[in-house]
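Remarks on the overall topology
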Amino acid sequence: MLGGNPYDSLLSEKLPEMYKDKDHRRHRSSSWLSASESSSMPFSSSTWAGSAWPAAPPKLCQRLSRYLLVFVGAILFISFWQPFDDFYGAPARRAIAPEYSFPLHSLPASRAGEVRDTLAGYKYRGEGCNVSSLDLHVPLGSVCPDKNSMLTAMSSGGRIGRDAPYLPRGCDMRWFSTFEVCEILGRYSQVILVGDSMLRHVIGALNILIREDLGYGGVTDWNFSEDEKRQCFCNRQFDVRDCSVQGIFTTADVVEHDPLSLMCPKMIPEWNTDLRIEQMVRYPIPHEERQRLEKAIDSNPSQRKAFILGHGLWSDLEVEKTLKWLDLVLDTIESKTGARTQLRGRSPRRNLPVLLMTPNAAGDKKPDEWIVSQGNKALVRFEHAMAIQAAKKRIDHLGTWNMSIQATLYDGVHMDMRGNLLKAMMVMNWLNLLEA
């Protein structure tokens, strides 16, 4: 009891003055007084005589209140912010462009290191060409375990907004570093693309990756005039009106004219992959084009090869005409290599790896005269039909309508550098899983 403590009498005399002084300075009423009593009314130890709890000094109450506020604030901060930092780590979280910072809680811990900008060290990065790999794809969930699930996921994904990072559906693709791209390509003696301007842009994007050059990696910048350097810089490398003829068609040209720009031999000294494109856009295929393809293919059966084919718009999305083009290209490959590209009978022999890529979606700049025959309705039907035909032939298929429908298209048909880098990385994911 307070009455038995020698300090109680002193406390009972000082408390009223202390509270009165605080009320005078702070203009506050004491919450423990009733509304009918004055805030400066004195009290003594007898006020608390019937209470089960002794009165606490006011300074202690004030200090405890402050501690409580700090504690509550800390809990709120941890609740709202810490899960993201725990999940990605603070540096990785800051690496994502703010406008595309998704709360991706399903990323396995084993993939946390993939949340990085692999284009950060590329030539011309930031000099009017500020493109990040995290603008193109943000890792999410688990990586697809095999080739077929990967192709399905990449073909059927989507974007959350125009030009937002592309998200495969069901499982995820990987965004490889330059060394990984070189290592995957180095498994093959030849990687040959056959098709139209869309395939030409894919090989341009692959050259950007193996040259680590965002400014001019996909074009023959070694022979550019000053006007061409201005017209074909960064995203504009893929402008079909001004920069089509300047595209790189084979790595042999890079080795001949600008060998120091090629990163793969520096990283892997034995690297010697022939990466090239043969443009064959029409059906019937001109005889000289077929001869050129035959000449380009190495006939050595012990050398691993992979083929990426693309066709459609030049046949006005006519499935039958495209199938005739496809059969002739496959026959040419088989006749030169002596290997099989399509399933025939029940032979246990493995097919040569062949990937068929169908055309982009149509953009708002698509010329009006092509809206019916080559508009999005026709493109979707064509992609579905060719996926069925590819399955019958036992060749692989990658649809690009989903990944391009919310992307920038120069003329309503062709994607810019960002879209083509994404396509190139899809090809790399396919090549990487051919042995899986």
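Residues numbered from 1 in each chain as written. Predicted model: local features only at pLDDT ≥ 70, side-chain atom pairs only at ≥ 80, totals over all residues. Heavy atoms only, no water.

Points about the environment of glycine 412
Put simply, the test is: We count a stretch as a helix when DSSP gives it H or I for four or more residues in a row; a strand needs E for two or more, and each element gets its number in order from the N terminus. Partly exposed residues are those whose accessible area sits between 20% and 50% of the maximum for their type, while under 20% is buried and over 50% is exposed, using a 1.4 Å probe and protein chains only. We call two residues in contact when some of their heavy atoms are within 4.5 Å.
Note that glycine 412 resides in the loop between helix H15 (401-404) and helix H16 (417-432). Looking at glycine 412, the relative accessible area reads 0%, which means it is buried. Expressed as a C-alpha distance, the spacing of glycine 412 and glycine 363, which sit 49 residues apart in the sequence, is 3.9 Å. Each residue touching glycine 412, except ones within four places of it in the same chain, is listed here: Ala361, Ala362, Gly363, Lys365 and Lys366.

Remarks on the sheet that holds strand S4 (residues 274-279)
Filter applied, for reference: By definition, two strands form a pair when at least two bridges between them are found by DSSP. For helices, the axis comes from a line fit to the C-alpha atoms of the stretch in contact; other axes are also lines fit to C-alpha atoms, and the angle between any two N-to-C directions lies between 0 and 180 degrees.
Ordered in space as S4-S3-S5-S6-S7, the 5 strands form an open sheet in which the pairing is parallel. Only two strands of the sheet have a single neighbouring strand rather than two, namely S4 and strand S7 (396-398). In this sheet, adjacent strand axes meet at a mean angle of 20 degrees when their direction is disregarded. Here strand S6 (residues 354-357) runs beside S7; their pairing, made up of 3 bridges, is parallel. Each residue of the ladder has a partner; that of methionine 357, found in S7, is leucine 398. With respect to the sheet, helix H14 (residues 376-393) is in contact with S6 and S7, its orientation differing from that of S7 by roughly 165 degrees. The strands touched by H16 are strand S3 (190-195), strand S5 (305-310), S6 and S7; relative to S5, the strand with the most contacts, the crossing angle is about 140 degrees.

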